[in-house]
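# Fold and contact review
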Amino acid sequence: MTVEATTERVLRLLELLQRRPVWTATELAAELAVTDRSVRRDIERLRALGYPVQATAGVGGGYQLGAGTRLPPLLLDDAEAIATAVSLRVASGGTVAGTGEAALRVLAKLDQVMPPRLRSKVRAVHTATDTLVAPGAEIDPDILLTLAKACRDTVRARFGYTTMRGDAGTRTVEPVRMVATSHRWYLMAWDVDRDDWRTFRLDRMHDVTATTWRFHPREHPDPVAYVQESVTASPYRHTARVRVHASADRVAAYVPPQAARVTPETDEQPGTGERCLLVSGGDDLDLIALHLGRLPFDSEILGPPELRDAAGRLARRLSGMAAAPDRDA
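Conventions we followed
- Residues numbered from 1 in each chain as written.
- Predicted model: local features only at pLDDT ≥ 70, side-chain atom pairs only at ≥ 80, totals over all residues.
- Heavy atoms only, no water.
- pLDDT = per-residue confidence, 0-100.
- Helix = DSSP H or I, 4+ residues; strand = E, 2+ residues; numbered from the N terminus.
- Contact = heavy atoms within 4.5 Å.
- Pairing = 2+ DSSP bridges.
- Axes fitted to C-alpha atoms, helices over the stretch in contact; angles between N-to-C directions.
- Phe/Tyr/Trp six-rings, centres within 6.5 Å; stacked < 30°, edge-to-face > 60°.
- Buried < 20%, exposed > 50% of the residue type's maximum accessible area, 1.4 Å probe, protein only.
- Lys NZ or Arg CZ within 6 Å of the ring centre and 35° of its normal.
- Expected span 1.5 Å × (residues − 1).
- Arc of directions from axis to C-beta.

Looking at an unreviewed UniProt entry, one finds the protein named YafY family protein, with Prauserella halophila as its source organism.

Once that is clear, we can look at the confidence of the model for the protein. On average, residues of the protein score 80 in pLDDT, and 74% of them are at 70 or above. Across the protein, the secondary-structure element scoring lowest on mean pLDDT is helix 4 (residues 78-91), at 51, and the one scoring highest is strand 3 (residues 155-162), at 95. Confidence over residues 128-134 falls short of pLDDT 50; this stretch has five contacts with residues more than four positions distant or in other chains.

Spatial ordering of the open sheet is given by 9-10-8-11, a layout of four strands whose pairing is antiparallel. Single-partner strands in this sheet number two, and they are strand 9 (261-264) and strand 11 (299-303). Looking at each pair of strands side by side, their axes are set apart by 25° on average, direction ignored. The sheet contact formed by strand 8 (residues 238-244) and strand 10 (residues 276-282) spans seven bridges and is antiparallel. The partner of A240 across the bridge, within strand 10, is S280.

We now examine the sheet that holds strand 5 (residues 185-191). Ordered by their spatial adjacency, five strands build an open sheet running 6-5-4-3-7, and the pairing between neighbours is antiparallel. Of all the strands in the sheet, just strand 6 (196-201) and strand 7 (205-214) have a single pairing partner and so form its edges. Here the strands of the sheet are splayed against their neighbours by 45° on average, with no regard to which way each runs. As paired elements, strand 3 and strand 7 share five bridges and run antiparallel to each other. When the bridges of strand 7 are listed, R158 appears paired with T209. Relative to strand 7, helix 7 (residues 141-153) is tilted by about 25°, and along the sheet it contacts strand 3, strand 4 (168-180), strand 5 and strand 7.

This next bit is on the packing of aromatic side chains. In total, this model carries five aromatic pairs according to the counting rule given. On the basis of an interplanar angle of 80° and a centroid distance of 5.3 Å, the ring pair of F159 and F200 is categorised as edge-to-face. Of this pair, F159 sits in strand 3 while F200 is found in strand 6, placing the two residues 41 residues apart along the sequence. Residues F159 and F200 agree in their burial class; the two are buried. For the ring pair W190 and W197, a centre distance of 5.1 Å and an interplane angle of 85° mean the geometry is edge-to-face. Through a chain of ring-to-ring contacts, the aromatic side chains of F159, Y161 and F200 assemble into a single cluster. Positioned above the aromatic ring of W23 is the side chain of R20, whose terminal nitrogen or guanidinium carbon lies 3.8 Å from the ring centre. Geometry around W190 places R218 over its ring, the cationic atom sitting 4.1 Å from the centre.

When you tally the buried positions in strand 8, you get five out of seven residues, the bulk of the element. Sheet topology places strand 8 next to strand 11; four bridges connect them, and they run antiparallel. In the strand pairing of strand 11, V242 is matched with I301.

Next up on the list: helix 3 (residues 36-48). The first and last C-alpha atoms of helix 3 sit 19 Å apart over 13 residues, in line with the 18 Å expected at 1.5 Å per residue. For helix 3, the full list of buried residues reads S38, V39, D42, I43 and L46. Projection of helix 3 onto a plane perpendicular to its axis shows the buried side chains occupying an angular sector of 145°, all on one side. Away from its buried face by more than 90 degrees, helix 3 exposes R37 and A48. Where helix 3 ends, the next residue or the one after it, G50, has phi of about 105°, a positive value.

Quick look at the structure:
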């Protein structure tokens, strides 16, 4: 085997070790299409390069990438390298919002191999730095990191949680994915006690821990679509359905994804032009009508009927404001 092929295989081995916490020699050999003996030789090559690969015997044991006395080189792809630079700048303001899933993968890798003395320096910089950022819920980076690892390692997470109604309690979940909007982070997870899928806001969590209870991933909805539906309709008293006479792409440019779901109409008839369906939730129908009125497109309210009444009240008030003032007044 050529030196190039061996190097490529060792890099592939490093990538596998960074993907999840524990691998057996047999699993690694199957992934790399080599023998167990070749895996052991490649492990020694990584150790010689400074990667702290640890071996544990017995049931549940195997190879894992641990923390060392110095920070070895990391294997990062282009997206992760870019996300690192962005994350460092944003994290200096006390928030990690806006950097996306790639940034969380990098943070998980860094934390896995970073010596304690470097972790303390990173936290010292974080606590001593402030910056002006866009309005939004500030998230503790430790919460993001803990949940990112729980998602990656398929272990249950436990945390205290306060609902929108103010109810507080402890939740035990099987986490699947975190979803970031322009202002908030959400976790999609299977709620063990409620035996159903749930969406949790990270800024309402506290005392977040990852347990050692491993679970088998179950079939789940698309995380982005599920979170969007949860935050735009489910928690609210009213759900507005509006047909907008414009393409979904044009309407989406005016509506944040956390505010509404915008989908193309599938039953368009010839001559009607492009249309889309907008679904949004809210507790105040007058406020929903106001936001809909700001869209620069013609639209029809499909429901609920009370929203049409709110739109009528708004139209009458605006007509009164636009009328010419009484000259005798």
